Amino acid sequence: MAKKILFINQEITPYIPESAMSVMGRDLPHAMQEAGFEIRTFMPKWGSINERRGQLHEVIRLSGMNLIINDTDHPLIIKVASIPTSRLQVYFIDNDDYFTKRDMEHDEAGIAYPDNGERAIFFARGVLETVKKLRWVPDVVVCQGWISGVVPFYIKKAYNEEPSFANCKVVTSLYSNTLKNDLGENFKECIEFRDAKAEFLDKYSEKFDFKELGKFAIDYSDGVIEATENVNKELLDYANENKCPVMSYPGEEFTEAYKDFIENL
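So, a few notes on the structure that sits alongside this text. None of the values given here were measured: they were computed from a predicted structure. (Residues numbered from 1 in each chain as written. Predicted model: local features only at pLDDT ≥ 70, side-chain atom pairs only at ≥ 80, totals over all residues. Heavy atoms only, no water.)

**Topic: unusual backbone geometry**
What is expected of a backbone is that most residues other than glycine have negative phi and most peptide bonds are trans. Keep this limit in mind: The secondary structure listing takes helices from DSSP runs of H or I that are at least 4 residues long and strands from runs of E that are at least 2 residues long, numbered from the N terminus. Accessibility here uses a 1.4 Å probe with only protein chains present; expressed as a share of the type maximum, an area under 20% marks a residue as buried, one over 50% as exposed, and anything in between as partly exposed.
Put simply, Thr13 and Pro14 share a cis peptide bond, and its omega is 20 degrees. Positioned with a positive phi, Asp71 is a non-glycine residue whose angle comes to about 60 degrees. Considering the arrangement of structural elements, one finds Asp71 in the loop between β4 (66–69) and β5 (72–75). Within the chain, Arg194 stands out as a residue other than glycine whose phi angle is a positive 55 degrees. By secondary structure assignment, the location of Arg194 is in the loop between α6 (187–190) and α7 (210–219). A residue is classified by how much of its surface remains accessible, and Arg194, at 34% relative accessible area, is partly exposed.

In structure tokens:
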């Protein structure tokens, strides 16, 4: 029976301009689908995404849930579109406060959003709640980009008894730094949900920056992928020191390497 892979992406082209991460966000799920895996793919509905051009439409049956973060209700909106060239379906996590009018890490003036931590929390919970609603049970979850950095923690601590995630393996893909500032002062307080307690974060620095978030994701992952040539060496060393299975950068012909790594987790 074919393995099921959940891809949780920060960037996917053509919805986001081409970069190493956005191209892999498109090509890797497509390659795994062509290799016979069953897949689902998620990303945030960043404010720069043109809904009309991308032919996004809301999935009413999946939308409508409220997620409480920092004592505030935030409605979860789910949209979907298909990439014409690959027939790859993409689910988008949307919310007026966190995504609709805002870009990825900073505004047009280059100023980082002070609630990026809350945005990552909302995105993680939004994806996991939606997968539950789909009644889909992934075997492997592949996380890409800082916005997915909270996912491994939530799967292992908050959703570990949910049928959709009780037995899945989590993989963190390492890329170069796209988070220039930390995740905000209240990140540790806002992250608490079910058995995912803030005290589990005591070992990390008070300022949750790109490196701390990377270590945090690695600590709750079953595997780590060196997705590009220029990943942060400190995080790569950290994964190896923690005896986490690491897939070295495979080059441009990546399909077999990813397939083997995922099959052997």
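So much for the structure itself; the text now carries on.
**Structural notes on helix α9 (residues 255–263)**
Using the following cut-off: Directions from the helix axis toward the C-beta atoms define the arc. Contacts are assigned to residue pairs that have any heavy atoms within 4.5 Å of one another.
Along α9, the residues that are buried comprise Tyr258, Phe261 and Ile262. The buried side chains of α9 occupy one side of the element, clustering within an arc of 95 degrees when seen end-on. Packing partners of the buried residues in α9 comprise β1 (4–8), α1 (20–34), β8 (140–144), β9 (169–174), β10 (223–226) and β11 (246–247).

**Points about the sheet that holds strand β3 (residues 57–58)**
Filter applied, for reference: By the convention used here, strands pair only if DSSP detects at least 2 bridges between them.
Pairing within the open sheet is mixed, and its nine strands lie in the order β3-β6-β7-β2-β1-β8-β9-β10-β11. Two strands in the sheet have a free side with no partner beyond their single neighbour: β3 and β11. With four bridges connecting them, β9 and β10 associate as parallel partners. From the neighbouring strand, Ser173 faces β10, where its bridge partner is Ile225.

**Some points on empty space enclosed by the protein**
This is how it is decided: Only protein atoms enter the calculation, which uses a 1 Å grid: trapped sets of points that fit a 1.4 Å probe without letting it out are cavities, open sets showing protein on both sides within 12 Å along at least five of seven lines are pockets, and any residue with an atom within 4 Å of a point is a lining residue. Grid points are joined across faces, edges and corners, and a volume is the space filled by probe spheres set on the points.
Following the criterion strictly, the structure yields two cavities of 30 Å³ or more and no others. The calculated volume of the largest cavity comes to roughly 180 Å³. Taken together, 17 residues line the largest cavity, and the ones lying closest to its centre are Gly145, Trp146, Thr172, Ser173 and Phe210. Mapped by element, the contributors of at least two residues to the lining of the largest cavity are β9 and α7. With four residues, α7 is the single largest residue contributor to the lining of the largest cavity.

**Here's the deal with the packing of α1 against α9**
Quick reminder of the rule: In this analysis, axes come from line fits to C-alpha atoms, helices being fitted only over the stretch in contact, and the angle between any two N-to-C directions falls in the range 0 to 180 degrees. Orientation labels follow simple angle bins: below 35 degrees gives roughly parallel, above 145 gives roughly antiparallel, 65 to 115 gives roughly perpendicular, and whatever is left gives oblique. By definition, turning the near helix anticlockwise from the far helix through less than a right angle yields a left-handed crossing, and turning it clockwise yields a right-handed one.
For the pair α1 and α9, interaxial distance at closest approach is 10 Å and the crossing angle is 65 degrees. When the interaxial angle is binned, α1 and α9 end up roughly perpendicular. In this structure, α1 crosses over α9, and the sense of that crossing is right-handed. Together, Met24, Leu28, Ala31 and Met32 of α1 and Thr255, Tyr258, Lys259 and Ile262 of α9 make up the contact between the two elements.

**Concerning the nonpolar core**
Note the following rule: Nine residue types can take part in a nonpolar core, namely buried Ala, Val, Leu, Ile, Met, Phe, Trp, Tyr and Cys, and a core is a set of them joined through side-chain atoms within 4.5 Å.
Counting 94 residues, the largest nonpolar core has Tyr15, Met32 and Tyr154 as its most contacted members. Beyond its immediate stretch of four places on either side in the chain, Met32 contacts Ile5, Phe7, Phe37, Ile39, Thr255, Tyr258, Lys259 and Ile262.

**A look at the environment of Cys143**
If you trace the backbone, Cys143 turns up in strand β8. Here Cys143 falls in the buried class, since its relative accessible area comes to 2%. Residues contacting Cys143, with those up to four places away along its chain left out, are Ile8, Ser148, Val151, Pro152, Val170, Val171, Thr172 and Ser173.

**Section: the layout of surface pockets**
Think of a ball as big as a water molecule: rolled over the atoms, this probe shows where empty space is left. This is how the line gets drawn: Residues are sorted three ways: Asp, Glu, Lys and Arg are charged, Ala, Val, Leu, Ile, Met, Phe, Trp, Tyr, Cys and Pro are nonpolar, and all the rest, Gly among them, are polar.
The volume enclosed by the largest pocket comes to roughly 220 Å³. In terms of lining residues, the largest pocket is bounded by Ala20, Val23, Met24, Asp27, Tyr175, Ala227, Thr228, Tyr249, Gly251, Glu252 and Phe254. Per-class residue counts for the lining of the largest pocket are seven nonpolar, two polar and two charged.

**Quick notes on the state of the cysteines**
So the rule is basically this: For this text, the term disulfide refers to a pair of cysteine sulfurs within 2.5 Å.
For the structure on display, the rule yields zero disulfides. A disulfide-free cysteine, Cys143 has its sulfur positioned 9.1 Å from the sulfur of Cys168, the nearest such atom. Left without a disulfide partner, Cys244 is nearest to the cysteine sulfur of Cys143, which lies 12 Å away. Judged by its relative accessible area of 10%, Cys244 is buried.

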